[in-house]
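Single-letter residue listing:
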Amino acid sequence: SSSSSSSSLATRTLSSTSTSYPRRATTTRTTSSSSRLYVANDGSQPDAPKTIEEDAALQWQLYTKHHAMVDGEWWGKWETYNYMGDVQSSNVGAVSLQPDSESKSVTHTHRILSSSTSSDCPTCFSSSEVTTLPPIAAYTPETLGIRHRCAASGMVVGPSLLKSGAMSTELVLRHGDGRVRVTFQHAPVWERGVEPGSCPPQGLKLFRAMVSKERLRPSSPDGIDESIIQGPPSYDEEKSNPPIPGNPRFFRPIPPFKWHAKWSGTSWTWGPQTGDRGWSLSEVDEADAWHGRPMGDATGTWSLRLGGGVLLQCPRVIVGGNAGICRLAWLPEDDGEVGTLEDGNTAKLLRVEASVNALEPIVSEDDEDMMVGFYPPSLGSLRTDVLEKVGELEGQSLEERAEAAEGYVWGGEGGADDDGDDGAASSSVGGGEESSPAEETVSPMAEFDPKAEKKSEAVDEDMKKKIAEDPRNALDF
């Protein structure tokens, strides 16, 4: 597919409109998408909300607990990446989500560091100027669910239709005094050889992703000294004042195989039919460990791995009738080193994934072969995992873990490393409510046979002793 220029992204291409377009010969199932994300539980989960009012109260509680902070704002460096993964722009700003005195409403504003002057002179002062933009929105328990959905410490905003005609989906994870916020933006595209605008868009292609690693800072007025404005997290700050256990470290090396371990914890899922559900995960199995496969499970996955243990995944192109899975994984903490403040602390892993439905056609009531527009994009499911490391993987060498970290899948048949036959499925989200995968999901470990995969020569007794002393001796350089 080829993307059109930003000037051709007409708002009417995604929204409901009276413009009539002939449908393709193939039959497309249409579903009505609700603008609200509230859902009534059927009673199968005793602790889950059973009415719209209970659901709104629970969502408000999660939002004000994890994201909307009194006298606090989320400062970060907003970096925008293009389709190729290159940084296009970078700005320093803050997301301010201020509840009122009674916590009945939250005002959403952005504060931008418009200018900054630093000095090396010990007797001089650094100064900065912060510009507060007009309020973006004001949320209440009744209106929060129009665009937001919370699940534990994770949150999704959208999918939302922008004025440019693009679709925006934002994922957020919080841990301690830090957050990671990612926004995926997909724009209308047409097949090669089709004139843009001559027919309804045939897909939504990723053209931009914004990433912000944020730290919670005290609220501060405009025009004050930079020494009071702490700004985004920095390497120097973490080096001079290491975060205490429970808070994230954004500036640290993360070897790829650190993602591969035994993880245990809890999972919060939501779907339009099942509502909110809680799960206890004694161990994440290999099929569900998508965080260890940075290239993704499905053909056409766009991915980006960033410093500080951040992994992004989303569809390159979203088409009607197929749910697009957007994912964010984060390693906020490592195992504590002996003799340090973190001694005894265990590594943490947070994951959030949301399925997005878009380009669902609206069929004319008078003519079944005539499409009059598209339903607004909708959220199909949401899942947040809060995991803790409980051990190392067994029966896998460092070489195998390193290969898995680079995107190779154990077991040659049916895996993502086979030419022309990529695995195209992901784990179920929201109680299995997302679209069925185009191909059968193959568990990599189910086909792993150490004897069949063995390629090296027989190991003598001396080498076995060396390997027992240090597993790195098994690596063939």
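Just above, that's the structure.
The structure reproduced in this document is the subject of the present report.

What counts as what
Residues numbered from 1 in each chain as written. Predicted model: local features only at pLDDT ≥ 70, side-chain atom pairs only at ≥ 80, totals over all residues. Heavy atoms only, no water. Helix = DSSP H or I, 4+ residues; strand = E, 2+ residues; numbered from the N terminus. Contact = heavy atoms within 4.5 Å. Polar contact = N/O pair within 3.5 Å; in protein donor to acceptor, adjacent residues only side chain to side chain. Phe/Tyr/Trp six-rings, centres within 6.5 Å; stacked < 30°, edge-to-face > 60°. Buried < 20%, exposed > 50% of the residue type's maximum accessible area, 1.4 Å probe, protein only. Patch = residues over 30% accessible without salt bridge, like charges linked within 9 Å, V, L, I, M, F, W, Y side chains within 5 Å. Areas by Shrake-Rupley, 256 points an atom, 1.4 Å probe, with all protein chains shown as cover. Salt bridge = Lys/Arg side-chain N within 4 Å of Asp/Glu carboxyl O. Lys, Arg positive; Asp, Glu negative; His and termini not counted. Charge placed at Lys NZ, Arg CZ, Asp CG, Glu CD. Pairing = 2+ DSSP bridges. Axes fitted to C-alpha atoms, helices over the stretch in contact; angles between N-to-C directions. Core = buried A, V, L, I, M, F, W, Y, C linked by side-chain atoms within 4.5 Å.

**With respect to the environment of Asp 177**
Following the sequence through the fold, Asp 177 ends up in the loop between strand S10 (167-175) and strand S11 (178-190). Between the C-alpha atoms of Asp 177 and Glu 214, which are 37 residues apart in sequence, the distance is 8.4 Å. Leave out the neighbours within four places in its chain, and Asp 177 touches Trp 74, Glu 214, Arg 215, Leu 216, Asn 247 and Pro 248. Within the local environment of Asp 177, its side chain forms a polar contact with the side chain of Arg 215, the two groups lying 3.0 Å apart.

**Structural notes on the packing of aromatic side chains**
Using the criterion set out here, one finds three aromatic pairs in the structure. Seen from their ring centres, Phe 250 and Trp 330 are 5.7 Å apart, and the 10 degrees between their planes marks the pair as stacked. One end of the pair, Phe 250, is in the loop between helix H2 (235-240) and strand S13 (262-271); the other, Trp 330, is in strand S18 (residues 324-333), and 80 residues separate them in sequence. Exposure class is identical for Phe 250 and Trp 330. Each is buried. Here the aromatic cluster, defined as three or more aromatic residues joined through ring pairs, consists of Trp 60, Tyr 63 and Tyr 139.

**A short note on the environment of Tyr 83**
Within the fold, Tyr 83 resides in the loop between strand S3 (72-82) and strand S4 (87-99). Residues Tyr 83 and Ser 303 lie 220 residues apart in sequence; the distance between their C-alpha atoms is 9.8 Å. When neighbours within four sequence positions are excluded, Tyr 83 is seen to be in contact with Lys 205, Leu 206, Phe 207, Trp 302 and Arg 316. Side-chain polar atoms of Tyr 83 contact the side chain of Arg 316, separated by 3.0 Å.

**Some points on a negative patch on the surface**
A contiguous patch of negative charge, built from Glu 365, Asp 366, Asp 367, Glu 368 and Asp 369, is present on the exposed surface. Note on placement: Asp 366 falls in the loop between strand S20 (361-363) and strand S21 (370-374).

**Considering the sheet that holds strand S19 (residues 348-357)**
Sheet strands associate in pairs through backbone hydrogen bonding, adopting either a parallel or an antiparallel arrangement. Spatially, the seven strands line up as an open sheet ordered S14-S13-S22-S19-S18-S16-S15, and their pairing is antiparallel. Every interior strand has two partners, whereas the edge strands, strand S14 (275-281) and strand S15 (301-306), have only one. Here the average twist between neighbouring strands, direction ignored, is 10 degrees. Judged from the nine bridges that link them, S13 and strand S22 (residues 378-391) form a sheet pairing that is antiparallel.

**A word on the environment of Pro 218**
Relative to the helices and strands, Pro 218 is located in strand S12 (residues 203-218). Taking relative accessible area as the criterion, Pro 218 reaches 53% and is therefore assigned exposed. Separated by 13 residues in the primary sequence, Pro 218 and Gly 231 have C-alpha atoms spaced 9.8 Å apart. Discounting residues that sit within four places of it in the chain, Pro 218 has contacts with Asp 71, Glu 73 and Gln 230.

**Overview of the nonpolar core**
Across soluble globular proteins, nonpolar side chains show a tendency to be buried alongside one another. Residues Tyr 63, Leu 171, Phe 184, Trp 302, Leu 312 and Leu 328 are the most contacted members of the largest nonpolar core, which totals 55 residues. It is S12 that provides the largest number of residues to this core, a total of five residues. Beyond its immediate sequence surroundings of up to four residues, Leu 171 is in contact with Met 155, Val 156, Val 180, Arg 181, Val 182, Phe 184, Cys 326, Arg 327, Leu 328, Val 352 and Ala 354. Counting 14 residues, the second largest nonpolar core, distinct from the first, contains Trp 259, Trp 263, Leu 311 and Leu 349.

Geometry only, nothing functional implied.
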